[in-house]
Amino acid sequence: EIVMTQSPLFLPVTPGEPASISCRSNQSLQHDIGYDYLDWFLQKPGQSPQLLIFLGSNRASGVPDRFSGSGSGTDFTLKISRVEAEDVGIYYCMQGLQPPFTFGPGTKVDIK
Amino acid sequence: QVQLVQSGAEVKKPGASVKISCKTSGDIFTKNYVYWVRQAPGQGPEWLAIIDPLDVVSNVAQNFQGRLTVSRDTSTSTLFLELRGLRPHDTAVYYCARGYCSRESCYKFDQWGQGTLITVS
């Protein structure tokens, strides 16, 4: 089983400021065709998770361009260029390279 | 618009079984993989199973093998998750979500059901 870790686990943010979350896996998430099977989700209170980024760096449809994903192999980063109040919630990374698909522990983002 | 609609909340006794439905649009049913995830109160998501659009291959997390079954009903474009031998720690919100897969690797789970709360008590 691939183990996912995230840091920080809690991230107080100031609206208008940038924010960054790190996600690491204990083995490479790169498929043999060159894609990294790493997705990012945001879960707002009482809601289903919503996809932000897939395959490491591809923004999902409808996701604001202030969100970006980068990294490859075992190290990945989600960046928010300018945080807005609606961005609060818990952010999860998830590896889809091989079952069982596993999630990171989550990073709770809240307004300072 | 919402394309995965799940069945309603249920309360079950320990030892009982539960069968959760996830009604999809025709396109999702015939073209997409659907995976099941659960989330216990205050916890992160936990992947349970995935089923392919042709109902040829399904994959169940090892911790649930023998206790969990995923299935499909073509006539209603509905997917099902059945969990047997329920225990209090199975209390969670169960979600279905559609995604894309290349062999055993999957990504882009971009449409989710609203979740089904199963309480075991």
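Residues numbered from 1 in each chain as written. Chains lettered and ligands numbered in written order. Predicted model: local features only at pLDDT ≥ 70, side-chain atom pairs only at ≥ 80, totals over all residues. Heavy atoms only, no water.

Before going further, it helps to examine the pairing of strand β4 (residues 38-43) of chain A. Residues and elements named next belong to chain A. Among the six residues that make up β4, six are buried, leaving the element largely enclosed by the rest of the structure. Of the two faces of β4, the one carrying Leu38, Trp40 and Leu42 and the one carrying Asp39, Phe41 and Gln43 are both buried. In the sheet, β4 pairs with strand β9 (residues 89-95) via six bridges, with the strands oriented antiparallel. By the bridge assignment, glutamine 43 is partnered in β9 with isoleucine 90. For β4 and strand β5 (residues 50-54), the ladder comprises three bridges, and the chain directions are antiparallel. Along β5, the bridge assignment pairs phenylalanine 41 with leucine 51. The antiparallel hairpin formed by β4 and β5 contains six residues in its connecting segment, where glycine 46 sits at a positive phi of about 75°. (Buried < 20%, exposed > 50% of the residue type's maximum accessible area, 1.4 Å probe, protein only. Helix = DSSP H or I, 4+ residues; strand = E, 2+ residues; numbered from the N terminus. Pairing = 2+ DSSP bridges.)

By convention, interface size is frequently given as the accessible area that disappears when the constituent parts associate. Facing the 24 residues of chain B at the interface are 21 residues of chain A. For the pair chain B and chain A, the two sides together bury roughly 1,800 Å², of which 63% comes from carbon and sulfur. Where chain B touches chain A, the interface holds zero salt bridges. Inspection of the region where chain B meets chain A yields seven residue pairs in polar contact (both at pLDDT 80 or more). Among the elements of the structure, β4 (33-39), β5 (45-51), β9 (92-102) and β10 (105-112) of chain B are those that each provide at least two residues to the side of chain B that touches chain A. Looking at the side of chain B that touches chain A, the element that brings in the most residues is β10(B), giving seven residues. Among the residues making up the side of chain B that touches chain A, the classes are represented as ten nonpolar, nine polar and five charged. (Contact = heavy atoms within 4.5 Å. Buried area = accessible area lost by both parts, 1.4 Å probe. Salt bridge = Lys/Arg side-chain N within 4 Å of Asp/Glu carboxyl O. Polar contact = N/O pair within 3.5 Å; in protein donor to acceptor, adjacent residues only side chain to side chain. Nonpolar A, V, L, I, M, F, W, Y, C, P; charged D, E, K, R; others polar.)

These figures come from the coordinates and say nothing about function on their own.
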